[in-house]
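Examining the three-dimensional arrangement
One letter stands for each residue in the lines below.
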Amino acid sequence: MLGTLDPSLKTNLEETILFAPEIYEELLIVEEELIDHYLAGGLSKLERQQFETHFLITAERQSHLRFGQLLKRYVNSHPDEVSAAAATSHVEKDAPAPKPFEFSPSLAGSRPLMTFCIAGVVLAGMVLLGWLTYKRPLARPAQSHAEPVVVVTLAPGSITTGANTARQVNVPPKGYNLKLELELKNASFRNYRFELFRENKSVQTSEALPIQAKGQQYVIPLTITGEVLSPGEYQVKLSGVLDSGADEFVQNYSFRVIE
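As a further point, take the pattern of salt bridges. Under the definition given, this model contains six salt bridges. Notably, a salt bridge pairs E31 with R61, separated by 3.0 Å at the nearest N-O pair. Linking E31 in helix α2 (residues 21-39) with R61 in helix α4 (residues 59-77), this pair joins segments that are 30 residues apart in sequence. Note on accessibility: E31 and R61 belong to one class, buried. Measuring nitrogen to oxygen at the nearest pair gives 2.3 Å for the salt bridge that ties R193 to D247. In this pair, R193 sits in strand β4 (residues 192-198) while D247 sits in strand β9 (residues 247-258), placing the two residues 54 residues apart along the sequence.

Core analysis: the biggest nonpolar cluster contains 22 residues, and L180, L182, V236 and F255 have the highest contact counts within it. Going through the elements one at a time, β1 (149-154), β3 (177-184), β4, β7 (217-224), β8 (232-241) and β9 are the ones with two or more residues in this core. In this view, V236 contacts L180, L182, F194, E195, L196, L222, Q251, N252, Y253 and F255; residues no more than four positions away in its chain are not counted. Formed by ten residues, the second largest nonpolar core is a distinct cluster that contains L2, L34, I35 and L43.

Attention now moves to the environment of P148. On the secondary structure map, P148 appears in the loop between α7 (141-144) and β1. Sequence separation between P148 and P172 is 24 residues, and the spatial gap between their C-alpha atoms is 9.6 Å.

Every α-helix winds through 3.6 residues per turn, so residues three or four apart in the chain are directed the same way. Taking 1.5 Å of rise per residue, 19 residues should cover 27 Å, and α4 covers 27 Å from first to last C-alpha, within 8% of that figure. For α4, the complete set of buried residues consists of R61, H64, L65, G68 and Y74.

Moving on to the side chain of Q204. Looking at the secondary structure, you find Q204 in strand β5 (residues 201-209). A polar atom in the side chain of Q204 sits 3.2 Å from the backbone oxygen of T223. Ignoring anything within four residues of it in the chain, the contact list for Q204 reads F194, E195, L196, T223, I224, T225 and V228.

So, on to the confidence of the model for the protein chain. Segments scoring low in pLDDT should not have their predicted coordinates read at a detailed level. Within the protein chain, residue pLDDT values average 74, and 71% of them lie at 70 or more. This model gives residues 135-145 a pLDDT under 50, and the stretch forms 15 contacts once residues within four places in sequence are excluded.

What counts and how
Residues numbered from 1 in each chain as written. Predicted model: local features only at pLDDT ≥ 70, side-chain atom pairs only at ≥ 80, totals over all residues. Heavy atoms only, no water. Salt bridge = Lys/Arg side-chain N within 4 Å of Asp/Glu carboxyl O. Helix = DSSP H or I, 4+ residues; strand = E, 2+ residues; numbered from the N terminus. Buried < 20%, exposed > 50% of the residue type's maximum accessible area, 1.4 Å probe, protein only. Core = buried A, V, L, I, M, F, W, Y, C linked by side-chain atoms within 4.5 Å. Contact = heavy atoms within 4.5 Å. Expected span 1.5 Å × (residues − 1). Polar contact = N/O pair within 3.5 Å; in protein donor to acceptor, adjacent residues only side chain to side chain. pLDDT = per-residue confidence, 0-100.

Right, here's the structure in full:
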């Protein structure tokens, strides 16, 4: 999920998930736990960078993160009500069920309790919506698990003015991202950073990119959000990360997006 798994193992895992719905369900649970760790500050700096640049490449995961942020914000802003709800649940869990439509007149004058009840209904609705969002993909795991990306391999090089030397890439279909595999001549760094330019204007950056082996070649995989791509000339500036945290320029990569 953080992009550190060996490519061959990742392929085996994806094939297993397609034919084992129970494994896919466990994967969804782990995704939820990873989001909780991120929101609670339980990830290291490197893991947070990998979470933001690799885990959040799908709109579905971004939606789950926003839901978690809303829930955390509500809990932090209503600590007394949440504590009261937990205490009430503990005390009344063995109490007899109330009769249908039974309503105590004393509740009419209890404004804080009514406010809490309304908030509880809202929270229940949010939890139900989140549960339905997680469960819906289980009906068709083979289609929903596949990452919506277009993969393109780039060799080092810059666009030559007036010449058609750049790699041409079609605009990705709606909902798809572009995954670039940047070939390395010399893999001398453990981590890399990149900055994407469109006609000399910066449009996307990322860091903590790992190296991957592809046959006899090393590549740097990076994902570019499809929404930022439009027809034009693009350049990727790749830099290596030194032990001090500073950048050292490595290579430029160029491509041209066409309709």
